[in-house]
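Take a look at the letters that make up each chain.
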Amino acid sequence: MTVKEFYDKIGGDYEDVLSRLMSEDLIKKFSVKYLNDPSFSSLSNALDSGNADEAFRAAHTLKGVCQNLGYTKLYSSAFDITEALRDGSIPNDISPLFEAVRSDYDLVVDAIKRLD
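On a predicted model such as this, the values are computed, not experimentally measured, just so you know.

Trainee: Summarise the pattern of salt bridges; cite the residues concerned and give the values.
Mentor: Scanning the model with the defined rule gives seven salt bridges in all. One salt bridge connects Asp 16 with Arg 20, and the closest N-O pair in it is separated by 2.8 Å. Within this pair, Asp 16 and its partner Arg 20 are both found in helix H2 (residues 14–21), separated by four residues, close to a single helical turn. Across the pair Glu 54 and Arg 57 runs a salt bridge, and its minimum N-O distance is 3.2 Å. In this pair, Glu 54 and Arg 57 are both assigned in helix H5 (residues 52–69), three residues apart and thus about one turn of the helix distant. Glu 54 sits in the partly exposed class, given a relative accessible area of 28%.

Parameters at a glance
- Counting starts from 1 at the beginning of each chain's written sequence and moves along it residue by residue.
- At least 70 in pLDDT is required for a residue's local features to be given in this predicted model, at least 80 for side-chain atom pairs to be given and counted, and no such filter applies to totals for whole chains, interfaces and linings, which use all residues.
- For the side-chain quantities, the full set of heavy atoms in the structure was used; hydrogens and water were omitted.
- Within this document, salt bridges are pairs made up of a side-chain nitrogen of Lys or Arg and a carboxyl oxygen of Asp or Glu, the two lying within 4 Å of each other.
- Think of it this way: any DSSP run of H or I at least four residues long counts as a helix, any run of E at least two long counts as a strand, and we number them from the N terminus.
- A 1.4 Å probe rolled over the protein chains alone gives each residue an accessible area, and that area as a share of the maximum for its type sets the label: buried under 20%, exposed over 50%, partly exposed in between.

Here is the structure:
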């Protein structure tokens, strides 16, 4: 899959990222590095353990990384969960927000693995 096809598949902003990074090679490089980013697993672990502060930090980090890489759909779901965690507690209804993040994250990871 080409870089443009990758962004189409994940609901991302190819043109914005290309205008900032100026090269598809750099986009690929940072996308492959994203596979090692711990913020999603940190978010999952923090929610499982009930650590609201760590969950917020992880969600906020995930949101920022996604914004920088133009992963618009994942950024949006990360934004939603970040805002839900902002007050320092884990809401009882956090599961649908986390499932949206998980679905968007899985889509991005799967697509990265298919980049040419």
